[in-house]
Structure formats: C-alpha cells, structure tokens
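Architecture at a glance
Single-letter residue listing:
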Amino acid sequence: MNVKPIFVYLLFVLISFWGCAGNLSTVKKESPAAAANETQINWKAYQYYLDGALNDFQDQYEKALLQYYQALIYDSTSAQIHKAIGRDLMRLESYESAVYYLKKALKLNPNDRETYLYLAEVHFNMHRFPEAVRYFEALWKMDPYNSTVQNNLLYLYSSLKMQDKLLEFYRKMMEYYPNDVDKALQYALACIKQKKIGEAQRVLSQVVQQDSTQYKAYFMLGSLYEMQKDTLRAEQIYRAIVKDHPDFTDALTSLYRLYRTRMDWDAIIQLYEPVVRRLEEANQANLILGEAYFYKKEYDRASEVLQPLLENQQFRVSALELLGRIALEKEDYARAEEYLKTLIEEEPRDRYGWIFLALVYNQQRQFQKSARLLEQAVSLHRDDVDLLGLYGSVLDQMGETEKAVAPLEKALRLEPDHLNSIVALANVYDKLKMWEKCDSLYEAALRLYPDNPLLLNNYSYSLTVRGKDLDRALEMAKKAVQMEPNNGAYLDTMGWIYYQLGDYQKALEYVQKAVETREQSAEVLDHLGDIYHKLGQPEQARTYWQKALELEPDNQKIKAKLQNL
C-alpha cells in the first residue's frame, strides 16, 4: 500500500482528534498518580479512535464502529468520536441511531460544520426534508460560499415548492456574488415566477445599466414588458438586441411572435431576409419567410424560399403543407394534391395535410373523393373535431345528410363550443326537419356567440322558412346585416322575412341587393321571382325563375311555378 496517502490520512485524523480535545472533560486530581492515570485514559481513547479511522479508510465501517465505541468508553465527552460513530451509522443506513450520535456531537461542539452537514444528509436520506433544510440553512449561515450547501438548498427549496425561501435564496446569492450576472438573472427569474414584476425589472435594469453588453438580461427585460402588454417597448428592446446580436434566436423569435400576432408580414420579411442571406442553412428562417410571403399572396417568392426545405427532414413536413396551400390558393389543384398526398403518406399524423387535401377536393366539388379521404382521416384522428366537422359537412353536401349527423354530434361532444360544427349540425338538423334539436342547438350557440352574424342569419332564416317567430327572426337578421351590410346571403334572409311578413317592397329592396352583391344563387333568384309575382309583375317573375332553373335544372318547384304562370 502506498505509504504517503496513509500518512496524510493519519495526520488528518490526528489533527481532527486533537482539534476537538478542548471538548474533553478534565477532572482535577489531587495526586500526580491520578493525573498520570487521566492521561493514560485519554491516550486509550485516541488509540481506539485511530484504529477506527484506519478501518474507515478501508471502507470497513462495521469494524470502525467497534473501535469508536471502545474509544467512547474512555472518552464519552468527545464530539469527534460521536460524529465518527454517527457518520458510519449513516453510511450503514442505520439512520435513527446516526441522528442520535450526531446530535450528541453537535451538542458537544455546536460550531462544527461537518456535523451539520451529516445531520442534513441523514435527514435527507430519511426523507425528512424540512429537517434537512434546517441543518443546511444553519450550515449555509456559517459558510455562505459553500457550493455543496447552496446546491442542496436550491434543490430542496425547489422540490418542496418553498417559493419564499427560494426567492430569498436567490436574493442572498446575488448579494454574495454582486458581480455575477447569472446570479442576478436567477433572482430576476424567481421574482417573475412569484409575479414580483417590479423587483425583477429593477434588478434587470440595474444589470443592463452597469453593463450594456448583457443582452440576456436586456432580453429578459423585454420579455417583462411584453408580459405587461407593453409590446412597443418590448419590440424596441428586441430590435436593439438583434441589431447587435443578429443571431440571438430568442430575440428573433420574440419579434416574429409580435409581428405575427398583428399580421405584420412585411416586418417579418424585413427581419428574416438578412438571416437567410447571412446563413448557409437558415431552415427555420426559410419556413418563417415562406409563411410571410404566403400571407402576402406573393406565392412565387414563398415557393422559392420553401423549396430547399423539401430536402431537410426536420422541415420537410411543414414545407409540404405550406406548398400545398400555396398551390390550392393558386387553384393549381393537381400540384396541391401532389404536395398534400405526399405529406399524408410521409406523415399521416399531420392533421393539416388531411384537412387541406379535403379542401382541394371540395373546391373541385369532388365530394366523393373528399368523403373517402376524410373517412380515412377520422379513423386515424378519432377525436379531431376539425376533421369530424369537415367530414360531416362533406357528407351533407353529398346529399347524405343523415350520415352527417354522427360525426358532427361527436365533434360537439368533444368540443361543445366548436363553431364550425355547430353551424354544420344546425343546418343538418334543419334539413332533416329535426326542429326541436335545431332550435335547441341554435339557442345554446347564441348564448356562447351572441354576436356571431352567421348564427344569427342561419337561425333567422330557418325560422322564416317555417313561418315561426318572424319578429324575432327579423331582429336577428337586422343584427347580422348591420355587422356585414354587403353579405348577399344575409340580405336575402332580410328580404325573405319581409316577404313572409307581406312587405313585398322591402323584400324586393333587400333581395335585389342580394342578387347584386353575391354570386349567382338559384335560391336567391327564385326568391326574387316570387317577390315579382306577388307584386303583379309576371314577366319579371318568369325572368328570374328561368335564371334560377338554369342553375338548378332539376328543381321541380321552380318548374311548377313556370308552368303555372
């Protein structure tokens, strides 16, 4: 065995033992013989303690304890011996006994840091965390720069959710390390978590004033302003950071979020174009730019910046989706189908691929293909309310209105305030003449969305067709038209209510405007023909009924009107 380490260890043990000799009880003796006997007894305690320490050095803790217990017989007042016994009992997981001896050691030597540490550790091992905290705190007070104690307190305060203690811990750490910016940032974060925003701002402002290069602190300050809805000041800070640190992604992302919220696509382009030019691989920036150009309807530029992402597995799915949407907006249905089919083949869990591919088919009135696609989609995404709602709407458009009920009702069970499903299901109930369910759904929906013009219009039209509650229907229709005065469907509803009320001049005024402001609708043209018929103008009635029939050649009701004219 190497002699030097043993020598060093024995020297340490010797110093430790004699260092606590001041704690030994010395009883005054009358004779020199008695004094000699006292010295002999202390030496025996030391010898046993030394033997125990040698066993400790070889990790033979049971043997060490036997020696320490013998030492205790000769010196029952030694804090060092009690501490050694407590430490080894802790190592052998005899925790209750360890606590007993360690507390005795602490009583004999109240300022021994090592004893505090052992007591903290043993209570931690026993899951007596508040007691562990108490001993760690006492030790931290004695040795505030001890990193082991600091880390343990940080862990315990965090785990036990001792928020006030945690905040005070960070505050003291900032005092102990006044030039450590990280400590100041940690304190500021702790203040933010406890909603002490003013204190966090004070600390961060102080850091930035002392050192303007501390852009992380500056960024946190901007985040605080953003939390307080002061987006103008937050934006100024983020822009200042990006100017000096153009690759600091947190500031870039925060600016993007602010600009996207207010749909300032030009600002996003101005922010990210330099990033794309500067970096060889700026995939995230390309995706953001592609989105911005898409919403600006600059589809060619959007496609240009997105194309490279098709070769990147991390961003390929997002690029396929956005390229598919671009092709859809350009009515390039073949290319849109190609992109979106590839998307759902490679990533069937991406719900948007299914949704936009269904819209590609819907816009081409290929409802059979859309329904087959959505049937597959809802089998994979069983609880996706958007897909369920879209599936129900497509079934309704195909004329399979009864089949549309199940997916739409499921969508509303999953999300009772899902507006698209509410509108679609109410329309389905209306077609199936399930009036009680229809009215109940509309009433519930209007409690959720009292100012939604589509709900107001659809419910008022449903009541009007049934000749029910016309006064209330008129009130709702007026509200819808007031919100969207150029909406042809809403104008037609207003006119048809006046028709049912017998006010044909007002009916004519609104329905004529509806014809002028919306695309050709057989239903609206039919209404206009009915109004002219009531006004005693059969030729005008014939003109509009014939136009309606051109749009719906199989409409038997319009055919009957023309035959009976």
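Structure: above.
This section reports on the structure supplied with the text. (Residues numbered from 1 in each chain as written. Predicted model: local features only at pLDDT ≥ 70, side-chain atom pairs only at ≥ 80, totals over all residues. Heavy atoms only, no water.)

Let's talk about the overall build of the protein chain
Heads up, the rule is: Helix and strand assignments follow DSSP, with helices taken as H or I runs no shorter than four residues and strands as E runs no shorter than two, numbered in order from the N terminus. This radius of gyration counts C-alpha atoms alone. The globule rule is 2.2 Å times how many residues there are, raised to the power 0.38. Burial here depends on accessible area, computed with a 1.4 Å probe over protein chains only, as a share of the maximum for the residue type. Under 20% is buried, over 50% is exposed, and the range in between is partly exposed. Should any heavy atoms of two residues lie within 4.5 Å, those residues are considered in contact. Areas reported as accessible are Shrake-Rupley estimates using a 1.4 Å probe. Residue values count occlusion only from the protein chains shown.
From N to C terminus, the protein chain includes 32 helices and zero strands. The C-alpha radius of gyration of the protein chain comes to 41 Å, more than 25% above the 24 Å expected for a compact globule of 565 residues. Projected onto the principal axes, the alpha-carbon positions of the protein chain cover approximately 145 × 55 × 45 Å. Residues classed as buried in the protein chain amount to 46% of the 565 residues present. Taking contacts inside the protein chain between residues at least 6 apart in sequence as the whole, the part at least 24 apart equals 45%. As displayed, the protein chain offers around 30,800 Å² of accessible surface, 49% of which is attributable to carbon and sulfur atoms.

Quick look at the packing of aromatic side chains
For clarity, the cut-off: Side-chain rings of Phe, Tyr and Trp, where Trp is taken by its six-membered ring, are said to pair if the distance between their centres is within 6.5 Å; with planes under 30 degrees apart they count as stacked, over 60 as edge-to-face, and otherwise as tilted. Distance and angle both matter: a charge sits over a ring if NZ of Lys or CZ of Arg is within 6 Å of the ring centre and within 35 degrees of the ring normal.
Overall, the coordinates contain 27 aromatic pairs when judged by the stated rule. Centroid distance phenylalanine 294 to tyrosine 295: 5.0 Å. Interplanar angle 70°. Geometry classified as edge-to-face. Following the ring pairs from residue to residue traces out a cluster consisting of Trp140, Tyr145, Tyr157, Phe169, Tyr170, Tyr176 and Tyr177. Over the aromatic face of tyrosine 135 sits the side chain of arginine 134, whose NZ or CZ is 4.5 Å from the ring centroid. For lysine 183, the ring lying beneath its charged end belongs to tyrosine 177, and the centroid distance is 5.0 Å.

Digging into the environment of methionine 476
Along the polypeptide, methionine 476 turns up in helix α27 (residues 470–483). As a C-alpha pair, methionine 476 and tyrosine 461 span 15 residues in sequence and 9.5 Å in three-dimensional space. Not counting chain neighbours up to four residues away, the residues in contact with methionine 476 comprise Leu446, Leu456, Tyr459, Ser460 and Leu463.

Brief notes about the packing of helix α5 (residues 95–108) against helix α6 (residues 113–125)
Defined as follows: To get an axis, a line is fitted to the C-alpha atoms, and for a helix only the part in contact is used. The angle between two axes follows their N-to-C directions and goes from 0 to 180 degrees. For classification purposes, angles smaller than 35 degrees are called roughly parallel, those larger than 145 roughly antiparallel, those between 65 and 115 roughly perpendicular, and all remaining angles oblique. Two helices cross in a left-handed way if the nearer one is turned anticlockwise from the farther one by less than a right angle. They cross in a right-handed way if the turn is clockwise. Here the nonpolar group is Ala, Val, Leu, Ile, Met, Phe, Trp, Tyr, Cys and Pro; Asp, Glu, Lys and Arg are the charged ones; every other residue, Gly included, is treated as polar.
In the contact formed by α5 and α6, the axes pass within 10 Å of each other and the chain directions differ by 160°. As summarised for this structure, α5 and α6 are arranged roughly antiparallel, according to the angle between their axes. Considering only the axes of α5 and α6, their crossing is left-handed. When α5 is examined against α6, the residues Tyr95, Ala98, Val99, Leu102, Lys103, Ala105 and Leu106 are found in contact with a partner set consisting of Thr115, Tyr116, Tyr118, Leu119, Val122, His123 and Asn125. The residue makeup of the contact of α5 with α6, split by class, is ten nonpolar, three polar and one charged.

Focus: the nonpolar core
In summary, soluble globular proteins display a tendency toward joint burial of nonpolar side chains. What counts, and what does not: Among buried residues, those of type Ala, Val, Leu, Ile, Met, Phe, Trp, Tyr and Cys that are joined through side-chain atoms within 4.5 Å constitute a nonpolar core.
In this structure, Ile85, Val122, Leu153, Leu204, Ile268, Tyr272 and Leu306 are the most contacted members of the largest nonpolar core, which totals 180 residues. For leucine 153, the residues in contact, after removing those within four places along its chain, are Val133, Phe136, Glu137, Trp140 and Phe169.

What to know about the pattern of salt bridges
Pairing between side chains of opposite charge can happen when the charged atoms of each approach one another. Using the following cut-off: Salt bridge, as used here: a side-chain nitrogen of Lys or Arg that lies within 4 Å of a carboxyl oxygen of Asp or Glu.
As enumerated under the stated definition, the model contains 42 salt bridges in all. Aspartate 88 is the salt-bridge partner of arginine 91, the closest N and O atoms lying 3.0 Å from each other. Remark: aspartate 88 and arginine 91 occur in helix α4 (residues 79–91); sequence separation between them is three residues, near one turn of the helix. Judged by relative accessible area, which is 38%, arginine 91 ranks as partly exposed. The exposure class assigned to aspartate 88 is buried, which follows from its relative accessible area of 0%. The closest approach of N and O atoms between arginine 466 and aspartate 439, which form a salt bridge, is 2.7 Å. Here arginine 466 is found in helix α26 (residues 453–466), whereas its partner aspartate 439 is found in helix α25 (residues 435–448), with 27 residues between them in sequence. Since its relative accessible area comes to 21%, arginine 466 is described here as partly exposed. Look at aspartate 439 and you get buried, because its relative accessible area is 9%. Bridged by salt links that share partners, the residues Asp56, Arg87, Asp88 and Arg91 form one connected network.

Structural notes on helix α3 (residues 61–74)
Stated formally: Each residue after the first adds 1.5 Å to the expected span of a helix. As used here, the arc belongs to the directions running from the helix axis to the C-beta atoms.
Compared with the 20 Å implied by 1.5 Å per residue over 14 residues, the 20 Å span of α3 between its first and last C-alpha is a close match. The set of residues buried in α3 consists of Tyr61, Ala64, Leu65, Tyr68, Ala71 and Leu72. Looking straight down α3, one finds that the buried residues subtend no more than 120° of arc, so they occupy a single side. Every exposed residue of α3 that faces more than 90 degrees away from the buried side is listed here: Glu62, Leu66 and Ile73.

Remarks on unusual backbone geometry
The backbone of aspartate 59 sits at a positive phi, close to 60°, despite the residue not being glycine. Note on placement: aspartate 59 falls in the loop between α2 (32–57) and α3.

Some points on the side chain of serine 462
What counts here: Contacts described as polar in this section are N or O atom pairs within 3.5 Å, which, within protein, must combine one atom able to donate a hydrogen with one able to accept it, while residues neighboring in sequence count only if both atoms come from side chains.
Of note, serine 462 is situated in helix α26. Separated by 2.9 Å, the side chains of serine 462 and aspartate 430 make a polar contact. With residues near it in sequence (within four places) discarded, serine 462 still touches Asp430, Trp435 and Cys438.

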